[in-house]
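Notes for the structure review
The residues making up each chain are set out below.
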Amino acid sequence: MLAIEHVSKVYATRQGPRKVLRDISFRLERGENLGILGRNGAGKSTLIRLISGAERPTSGRILRGMRVSWPLAFGGAFQAHLTGLDNLKFVCRVYGVDYRPLVPFVEEFTELGIYFREPVLHYSNGMLTRLAFALSMAIEFDCFLIDEAMVVGDVRFHERCHVELFHKRKDRAFILVTHDADVIKLYCQNACVLHEGRLLPFPSVDAAYEFYQATMSSCPDPVESP
Amino acid sequence: MTTESTPTLLHSLGIQRRVLHALLMREIITRFGRENLGVLWLVAEPMLFTLGIVTLWTAAGLSHGSAIPIVAFAVTGYSSVLMWRNSASRATTAVANNKPLLFHRNVQIIDVLLTRIALEIGGATGSFIVLSLLFIFLGWMPAPQDLLEVIFGWLMLAWFGASLALLIGAGTAFSEVVERLWHPAAYLLFPLSGAAFMVDWLPVGMQKYVLLLPMVHGTEMLREGYFGNAVPTHHDAGYMASCCLVLSLAGLYLVRQASRRVEF
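Only a predicted model underlies this, so the values are computations on that prediction, with no experimental measurement involved. (Residues numbered from 1 in each chain as written. Chains lettered and ligands numbered in written order. Predicted model: local features only at pLDDT ≥ 70, side-chain atom pairs only at ≥ 80, totals over all residues.)

Section: the overall build of chain A
Here is the rule: By the criteria applied, helices consist of DSSP H or I runs no shorter than four residues and strands consist of E runs no shorter than two, each listed in order from the N terminus. Our radius of gyration looks at C-alpha atoms and nothing else; its globule reference is 2.2 Å times the residue count to the power 0.38. Three exposure classes are used, all based on how many other C-beta atoms lie within 10 Å of a residue's own C-beta (placed from the backbone): buried at 20 or more, exposed at 12 or fewer, and partly exposed between those limits. Two residues form a contact once the distance between their C-beta atoms, set from the backbone, is within 7 Å.
Helix and strand counts for chain A stand at seven helices and nine strands. For a compact globule of 226 residues, the expected C-alpha radius of gyration is about 17 Å, and chain A comes in at 18 Å, within 12% of that figure. Per-residue burial over chain A gives 42% buried out of 226 residues. A separation threshold of at least 6 residues defines the contact pool for chain A, and within that pool the share at least 24 residues apart is 71%.

Laid out in structure tokens, this is it:
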């Protein structure tokens, strides 16, 4: 079980405090999934960071009754001077997993070849994304947090991510945030829209989709967040 | 508030141990690399500094004709400086350098600070032990008179360095000014820290001002343990412990506040 209870997040800016998320609540059980639609700057990534525990909410609380992943395919957590293998070791140590049995999977999935044992600073963006995704899959979580970043990469990588996540791990829970309504339609059984800092629930994915499309055409773009 | 479901203390300690181990391994590889001496640089680097100081002070005759052998005076003095200064200096960049790792829920600001403190204390201690043994073996330096008091003084300096590191490390998460101020402060504190003089050599009027600095007490304790009655020393373990306690509590409080402010 994962419970988000009355969570709000305020960021300090030069123009004063800015409330990014307002009183957000929902629950997710193992095996369930939730798609969250929102435009650029709606606070999707902020919400994912709060759920993962990387940042703390300004108010409200988050109860994690299952093992929640870090934001999937997040490449920023790499230390540039460490090799791909070193980064695997680091993540395994932090989560208390033996890294050795995982080396074949990560090597095979990332297709890094000799670069697996070279410093990450020599990697291309594509290589970084593959390593990030493979590390996320190396640790077994009950609930995966997927930011739209996962959608980058070529078709082949995309398909393999799809197999790993939605076929091999379909018994797990996941939360997928994206601005792309079609992705949500494809993968999610439930959908919400993050709009003006509030999380709006909908009875069906189609209803969320329609509302989202309507706001896209009626409202001006909100301020882009970095 | 963010909570895992009812974690036990034992469970939490397990996570803590894992995270510190992971950070230590990572820090050693990123800082010293795998080439040439590798992790041995942890001890070699402070040793080189201390050797340089020993050479300079011997050449300058800094023990002012007192009964103290100059090599031992320099080794005990500069090693003391390494203890309180290096932890704090390395802490200034700890949060910024490790920020991506804070993405993992169990990696917290306190962990990256503790890792750096442990490494600096380990390096300075290793350097002190190796150099002392070497010089004692060569006969350039006497063996310590009271080993227990040496260890006690050393631990007090370690505590002072650690509490300073927590305070400064957490402070940098609030403002970069902390880092900018620490470096001149460390530079100015060095000559006042008791490394290059014995308190007893100072005019009586100055002694009480110098003794306001906590690390002076630690250095004097260390030297009393080392040289015994060869030189009168001035120190108050209670005063130094009180200072360290206040700094530690303030440091831990700031670390906690800083953890709540982490943003990506």
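Now that the structure has been shown, we can carry on.
Quick look at the overall build of chain B
Secondary structure summary: chain B contains 10 helices and one strand in total. Start at the N end of chain B and walk to the C end: the helices and strands fall as β-α-α-α-α-α-α-α-α-α-α. In terms of C-alpha radius of gyration, chain B reaches 20 Å, essentially the compact-globule figure of 18 Å for 264 residues. Across its three principal directions, the C-alpha atoms of chain B cover 65 × 45 × 35 Å. Residue pairs at least 24 apart in sequence account for 76% of intrachain contacts in chain B once pairs closer than 6 positions are excluded.

Considerations on the sheet that holds strand β3 (residues 33-37) of chain A
Residue and element names in this part refer to chain A. The cut-off we apply is this: By definition, two strands form a pair when at least two bridges between them are found by DSSP. In this analysis an axis means a line fitted to C-alpha atoms, helices contributing only their contacting stretch, and an angle means the value between N-to-C directions, from 0 to 180 degrees.
Within the open sheet, the six strands sit side by side as β5-β6-β7-β3-β8-β9. Their pairing is mixed. Across the chains shown, the open sheet's two edge strands, defined by having one partner strand only, are β5 (68-71) and β9 (198-201). Strand-to-strand twist of the sheet, defined as the mean angle between neighbouring strand axes without regard to direction, takes the value 20°. With four bridges connecting them, strand β6 (residues 143-146) and strand β7 (residues 173-178) associate as parallel partners. What sits directly across from Phe144, in β7, is Phe174. Of the strands in this sheet, β3 and β8 (191-195) touch helix α7 (residues 205-218), which is tilted by about 25° from β8.

Re the interface of chain A and chain B
Defined as follows: Only Asp, Glu, Lys and Arg are considered charged in this grouping, and only Ala, Val, Leu, Ile, Met, Phe, Trp, Tyr, Cys and Pro are considered nonpolar; every other residue, Gly among them, is considered polar.
Contacts between the two partners involve 25 residues from chain A, matched on the other side by 25 residues from chain B. In terms of residue class, the side of chain A that touches chain B is built from 11 nonpolar, seven polar and seven charged.

Quick notes on the packing of helix α1 (residues 9-32) of chain B against helix α5 (residues 109-138) of chain B
The relative placement of two packed helices comes down to the angle between their axes together with the axis-to-axis distance. All names here are of chain B. For clarity, the threshold we go by: Geometric relationships in this document are graded by angle, where less than 35 degrees denotes roughly parallel, more than 145 denotes roughly antiparallel, 65 to 115 denotes roughly perpendicular, and other angles denote oblique. Each crossing gets its handedness from the near helix: less than a right angle anticlockwise from the far helix is left-handed, clockwise is right-handed.
It is at 9 Å that the axes of α1 and α5 come closest, and there the two elements cross at 55°. Accordingly, the angle class assigned to the pair α1 and α5 is oblique. In this structure, α1 meets α5 at a crossing whose hand is right-handed. From α1, Val19, Leu20, Leu23, Leu24 and Glu27 reach across to α5, where they touch Asp111, Val112, Leu114, Thr115, Ala118 and Leu119. Looking at the contact of α1 with α5, its residues break down into eight nonpolar, one polar and two charged.

As for the confidence of the model for chain B
Using the following cut-off: Every residue is assigned a pLDDT by the predictor, reflecting its confidence on a scale from 0 to 100.
With 96% of its residues at a pLDDT of 70 or more, chain B has an overall mean of 90. With pTM at 0.89, the complex prediction returns an ipTM value of 0.84.

Examining helix α6 (residues 147-174) of chain B
To keep things clear, this is the line we draw: One less than the residue count of a helix, multiplied by 1.5 Å, gives the span that helix is expected to have.
When the terminal C-alpha atoms of α6 of chain B are compared, their 41 Å separation across 28 residues agrees well with the 40 Å that a helix rising 1.5 Å per residue should span. Most of α6 of chain B sits out of view: 21 of its 28 residues are buried.

Section: the nonpolar core
In plain terms, the rule: Put simply, a nonpolar core is buried Ala, Val, Leu, Ile, Met, Phe, Trp, Tyr and Cys residues tied into one set by C-beta atoms within 7 Å.
Formed by 127 residues in total, the largest nonpolar core has its most connected members in Leu47, Ile51 and Ile175 of chain A together with Ile109, Leu113 and Ala165 of chain B. It is α6 of chain B that provides the largest number of residues to this core, a total of 15 residues. In contact with Leu47 of chain A, not counting residues within four places along its chain, are Leu21, Ile24, Ile36, Val177 and Leu194 of chain A.

Topic: the environment of Leu85 of chain A
All names here are of chain A. Position of Leu85 relative to the elements: it lies in helix α2 (residues 84-95). Along the sequence, Leu85 and Arg22 sit 63 residues apart, while their C-alpha atoms lie 40 Å from each other. Beyond its immediate stretch of four places on either side in the chain, Leu85 contacts Phe116 and Arg117.

Focus: unusual backbone geometry
The phi angle of most residues is negative, glycine excepted, and most peptide bonds adopt the trans form. With phi around 45°, Asp23 of chain A is a residue other than glycine that occupies positive phi space. When you line up the elements, Asp23 of chain A lands in strand β2 (residues 16-28).

Focus on the environment of Ser79 of chain B
Residue and element names in this part refer to chain B. You can see Ser79 is positioned in helix α3 (residues 70-91). Between the alpha carbons of Ser79 and Thr125 there is a distance of 8.0 Å; along the sequence they are 46 residues apart. Setting aside its immediate chain neighbours within four residues, Ser79 contacts Thr50, Ala124, Ser127 and Phe128.

Some details on the pairing of β2 of chain A
Residues and elements named next belong to chain A. Examined bridge by bridge, strand β1 (residues 2-13) and β2 share nine bridges and lie antiparallel to one another. Note that in β2 the partner of Ala12 across the bridge is Pro17. Counted along the chain from β1 to the antiparallel partner β2, the turn is two residues long.

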